[in-house]
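Chain residues, written in single-letter form:
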Amino acid sequence: MRETDGLELGDLSRRDLAILGVAFALSVSVPLTVFMVVWLYTTAEWLAMLTAVAVAFPAAFAVILLGRYLRARGRFHHQAEVFQHLGDTMVSPRVLVGGDGKAIWSNSKFRREFPVDLAKPLDELERLLCTDAESRSRFIEARAASRSGSAANFEVVHRHPDGTREIFLLRVSPVGQDSPIASWEIENVTSRRMMESVIREEQAKLVDFLENAPVGFYSVDAEGRFLFVNRTLANWLESTPEQIVERQAKLQDFLADGVPAGAEPYRPFLGPPTIQAGEVTLKGRRGNVFEAYISQSVTKGEEGAAVRTRSVVRNLTPEREMAEALALSERRFKRFFDEAPLGIARIDASGRVADANAAFRKLLEMSAAEIEGGDILSFVREDDRSEMRRRLDAVAAGESTPAENIRHATEARLRGKSREVIASLFITRLDHGNPKGPSDLVLHVFDMTELKQLEMQFAHSQRMQAIGQLAGGIAHDFNNLLTAIIGFSDLLLLRHQPGDTSFGDIMQIKQNSNRAANLVRQLLAFSRQQKLQPKVLNITDALSELSHLLRRLIGENIELKMVHGRDLHLVRVDQGQLEQVIINLAVNARDAMPRGGQLTIRTQNESVAIPLTRGAETLAPGEYIRVDVIDTGVGIPRENLTRIFEPFFSTKEVGAGTGLGLSTVYGIVRQTGGFVLVDSEPGAGATFTIYLPRHRGEVRQLAGTIGEDQKRTDLTGVGTVLLVEDEDAVRLFSARALRNKGYKVVEAKTGESALELLGNFDGQIDLMITDVVMPQMDGTTLIKTVREQRPELRVICISGYAEESFRNRLDSTAGVHFLPKPFTLEQLAGKVKEVMR
C-alpha cells in the first residue's frame, strides 16, 4: 500500500461510503422538493425561509462528510506509519511488487541495500544478484511463480570479481488470495552456508575419526545385539559395520572361546559394576583371532535395567607384537652393545661409569663391578687426565655438534691391571630431550696400541729401507772399487813372485781389500741385498763349530752355555751369514756384561699357531727353529726396545760401537725369511729370539763364488766375450784378465753401445758379461733385448747386489749365470771357463 496526499473512495470502508451517499442524497433532494412545493403554493417569505433551509441542509451534510473524511485520513496515516515501522524492523530486505511489476512498498533495509528503480525492481534485482546462468534461471522461475500467485524459495549466487561469492535466499509469497501483489524477501545466507559447510566438514571429520580410529567403538543393547560398530572394529572382525548391525549380530558371536557356561549372553560385558574392563579373545568371520582389551560403560534405563553400552576395544595383538619386537630389539641392542668389537661406556653427569660393555672391560682387564660406578678419569693415565677432563666438560656443555664429536677423537692412555692401552676415544652426548640440561656421555673406545706399534714398525721399516738403500748404494760402488783393486792386485801378482820386494806390499793391498769386502758384505747384509749362498744345515752342527770362536770372543769372565734341542728340524740358510748373526749377538751380550755373567744359546723346535707380537715385530703362524740368545747383563730400557734395530742407534759410548751390529742381525734374519724378537727388563738381562723357518723338501744349491779350493790349474780358453761395464776400472781389469787367458774381448761402456756393437759385429759372440746396475739401460733390460736377437747367447751377470734382485725381473733365467762382486782374477776366469764349456 502506497502513501497518498488525499483521500480516495477506495480508502474508505463500505459503511462509511453508504452513510455519505444517503446523507448527500437527502441533503439535495429534500430541499429541492420543499422548494418546489413552496414555490408553487407559498409566498415570498416562505420561499426565502425554505431557500435558507435548502441551503443549510447540504451544508450540514457537507460538514458531516468532511469530518468523516478527516477521521478516515488520520486513521489511514496511523496505520501506514505502523505498517512502515513494522516493515523497517524486519531483519531481511523486503519489497511488495504488484502485478504490473512495479514496487508498491519496500522497507528501509531493502532501499538501503538494493538502491534499484522501483518501477522495475525485479529486473534490477536479477541484474545485481544473478551472476551465473543457473542463478538467472532460478530467478526467472521465481518471477513466474510470483505472477501465478504461488510461493517459492530459491538461492542465487553472486560472484565478485575478486573470486569471493555471496549467497542470497529469496522467498516469494503472494499477498492474500487471488492478489497480484507478491512479497519478495531477500536474505544474505553466506555466513550461514559457510557455517553449515564447516559444521558438515567437522561432522565428517568426527565421523571419519570415529570410523577409522586406531581403536574400536561399539554399542550393544541389553540382548548383546550390536547397535553400532565402527569400521575399525568391523575390519578386525572381518566384516563391515552395515553387515554386523543389519544382521543383528551379537557380541558373543565373535568370542573365540564362546560364552562362559552359566552366563547370560551379554553378562561377560554387562555385569556389575556399571563401568567395567577386561581382556577377551575375539575371532573374525574368516577365523582371524586376536586378543582385545574392552573398556565400557553401561547406560541404565528408568528402572535400572541395562539399555546399551558405550564400549571401546583395543587390539592387543599389535601392541604385544610391538612389545615383543621392542624386547627383541633391546636384547639385540644389549648383545650388540656387549659384543661390539670396540669399547663402549656410558658416563653419567657426575663422571661415573654407568655401564660398560665387554670390550671396554677387556681393555681395562676388569670386571663390571670394578668399573661401573668408578670415576672415568681414574682409569686414565695421570698425564692425560687434564686433556680428558677438558674434553668431557666441552662435550657435556654442548660446545660442539654431534658431527664434530664423531670426527674429533681424544687420544689417551688407559690403565689396565697389567698394561697400558693407547686408546682413541670418541665422546658423544645424550641429551634426554633437554639439550641444555645435564646429560650422560657415551664413550666409544678404540684400542690403538697395535696400530701405534704398527706405525712405529712402519716408521722403523721406512728408516731401515732408506738407510738400507743408502748402504746398498755405497756397497755397490765400493764393490766396484774393490773389484778393481783386487783385480789389479792379481795382475800385479802375476809379475811379482814370492821373494820379490813388491810381493809383500801387493799381498797387503789384496788382504786389506778382502777385509774391506767383508765390511761391504756387512753393509749388504744390513740392507738385505747381499749375495746369499743358502744351504740345508743342522743348527746344532753349525753352532757347535762356532762355539770355540764364541768363547774366545766373550772372554773368560763370561760363561757360555749351549743348550741344543732334540730332533731339530733342518733350516736353509747362508751359514756364513748365520754365524755373523750369532757373533754379533754374542759380542752385544758381552758388552752388556762388563763384570761377567752367563751367555746361553738355546735351540728348539717351535710351532706357532697364532700371530705372536713382541715389540714392533709380529711373527706369522708356521713351524720354526727357535734360537734364543740369553744374557744376564744390564738389560735394555723399555723406551729403547723399539729402536735397537735402527741403524746407527747405540747406547754405548762414542767410539765404542758403530750401531750397525743389531741392524745387520735384523737385515740378515729378515732376508732369510725369519724373525727377530727381543724381551728385556733393565737389570734382568736380555733375550734375543731368532725364528728361522723350517725347511721342507730338497734345495737347489745356488752357484757361489769359487773358493781357494776350487781354483783351476788351467783357466785359459778361447772365444769372443762381449764385456759390458760402466765402471772403467772394473772393465779394464776384467778385459785384461780375460785377454791374458786367451779370450777375445769386445768392450762396451753402456747397454746402448753394447747393442750397437752386436748389430755391427761381423763375427760370433760366444759370451756376454754385463753389469746389472748401469745408467739408462740396465743389465736386465739389455739381456731381454739381446735374447730377442740371439736367444742362444750365454750370459754372466756381475753385481754387488743379491742374485735374486735381478733374476726376478727376467722372463727366463736359462743360460744366465751370476758372479758376485768383488771377484778375483781366478774367480772371473774360472766362471767364464765354466760357462763356455
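Rules used throughout
- Counting restarts for each chain: residues are numbered from 1 in the order of the written sequence.
- Local features in this predicted model are restricted to residues whose pLDDT is 70 or higher, and side-chain atom pairs enter the listing and the counts only when it is 80 or higher, whereas totals over whole chains, interfaces and linings include all residues.
- Only hydrogens and water are removed before side-chain values are computed, so all heavy atoms of the structure are retained for them.
- Secondary structure elements follow DSSP: runs of H or I no shorter than four residues count as helices, runs of E no shorter than two count as strands, and numbering proceeds from the N terminus.
- Accessible area is worked out with a 1.4 Å probe on protein chains only. A residue is then buried under 20% of its type maximum, exposed over 50%, and partly exposed in between.
- Any two residues whose heavy atoms approach within 4.5 Å at even a single point are treated as in contact.
- Only the protein chains shown count as cover for residues, with accessible areas throughout obtained via the Shrake-Rupley method and a probe of 1.4 Å.
- Grid spacing is 1 Å over the protein atoms alone, the probe is 1.4 Å, and a cavity is where that probe fits but cannot get out, while a pocket is an open set with protein on both sides within 12 Å along at least five of seven lines and lining residues have an atom within 4 Å of a point.
- Grid points are joined across faces, edges and corners, and a volume is the space filled by probe spheres set on the points.
- By the convention adopted, Pro, Cys, Tyr, Trp, Phe, Met, Ile, Leu, Val and Ala count as nonpolar, Lys, Arg, Asp and Glu as charged, and the other residues, Gly among them, as polar.
- Two strands qualify as a pair provided DSSP detects at least 2 bridges between them.
- To get an axis, fit a line to the C-alpha atoms, keeping to the stretch in contact for a helix; angles then go from 0 to 180 degrees between the N-to-C directions.
- Roughly parallel covers angles under 35 degrees, roughly antiparallel covers those over 145, roughly perpendicular covers 65 to 115, and oblique covers all other angles.
- Crossing chirality is assigned from the near helix's rotation relative to the far helix, an anticlockwise turn below a right angle marking it left-handed and a clockwise turn marking it right-handed.
- Confidence of the predictor at the level of single residues is given by pLDDT, which spans 0 to 100.
- Salt bridges, as used here, are contacts in which a Lys or Arg side-chain nitrogen is within 4 Å of a carboxyl oxygen on Asp or Glu.

Student: Looking at this model, I keep getting lost on the overall build of the protein. Mind explaining?
Tutor: Each helix and strand in the protein was counted, giving 24 helices and 29 strands. Burial statistics for the protein: of 837 residues in total, 41% are counted as buried. Contacts in the protein between residues far apart in sequence, at least 24 positions, make up 58% of those at least 6 positions apart. In the form shown here, the protein has an accessible surface area of approximately 46000 Å², with 54% of it arising from carbon and sulfur atoms.

Student: What am I meant to see in the side chain of T603 here?
Tutor: As for its position among the elements, T603 is in strand 19 (residues 597-608). For T603, the residues in contact, after removing those within four places along its chain, are I539, L543, V563, H564, G565, L568, R626 and V627.

Student: Just checking my understanding: could you explain empty space enclosed by the protein for this structure?
Tutor: Leftover empty space is mapped by rolling, across the atoms, a probe with the size of a water molecule. One pass over the full model with this rule turns up four cavities of 30 Å³ or more. Computed from the structure, the largest cavity encloses a volume of approximately 50 Å³. Residues that form the lining of the largest cavity fall into these classes: six nonpolar, two polar and one charged.

Student: Just checking my understanding: could you explain the sheet that holds strand 14 (residues 420-430) for this structure?
Tutor: Within a beta sheet, neighbouring strands are joined by backbone hydrogen bonds and run either parallel or antiparallel to one another. One open sheet holds the five strands; their spatial order is 12-11-15-14-13, and the pairing between them is antiparallel. Since the sheet does not close on itself, it has two edges, and those belong to strand 12 (353-356) and strand 13 (410-415), each with one partner. This sheet shows a mean twist of 35° between the axes of neighbouring strands, independent of strand direction. Seen against the sheet, helix 13 (residues 382-396) touches strand 11 (343-347), strand 13, strand 14 and strand 15 (440-447) and runs at an angle of roughly 15° to strand 14.

Student: Would you explain the packing of helix 20 (residues 728-740) against helix 24 (residues 825-836) in this entry?
Tutor: How two helices pack is summed up by the angle between their axes together with the distance between the axes. The N-to-C vectors of helix 20 and helix 24 enclose an angle of 60°; their axes lie 10 Å apart at closest approach. By the angle between their directions, the pair helix 20 and helix 24 is classed as oblique. The way helix 20 lies across helix 24 gives a crossing that is right-handed. Here F733, S734, A737 and L738 of helix 20 come into contact with helix 24, specifically with L825, L828 and V832. Among the residues forming the contact of helix 20 with helix 24, the class breakdown is six nonpolar, one polar and no charged.

Student: Got a minute to help me understand the confidence of the model for the protein in this structure?
Tutor: In regions of low pLDDT, the predicted coordinates are not meant to be interpreted in detail. For the protein, per-residue confidence averages 77 on the pLDDT scale, and residues scoring 70 or more make up 76% of the total. Taken together, the stretch residues 1-12 has pLDDT below 50 and engages in 21 contacts with residues farther than four places along the chain or on a different chain.

Student: Would you mind going over the pattern of salt bridges with me for this structure?
Tutor: Side-chain pairs of opposite charge can arise where the charged atoms are in close proximity. In the structure shown here, the tally under the stated rule is 33 salt bridges. Here E279 makes a salt bridge to R320, at a shortest N to O gap of 2.8 Å. With E279 in strand 8 (residues 275-283) and R320 in helix 10 (residues 316-339), the pair connects residues that are 41 residues apart, well separated along the chain. Two residues, R694 and E623, come together in a salt bridge whose shortest N-O distance is 2.6 Å. Of this pair, R694 sits in the loop between strand 24 (686-693) and strand 25 (720-724) while E623 sits in strand 22 (residues 622-631); the two residues are 71 residues apart in sequence, bridging distant segments of the chain. On the basis of relative accessible area, E623 is assigned to the partly exposed category, the value being 33%. Salt bridges linked by common partners bring R94, R171, E185, E187 and R192 together as one network.

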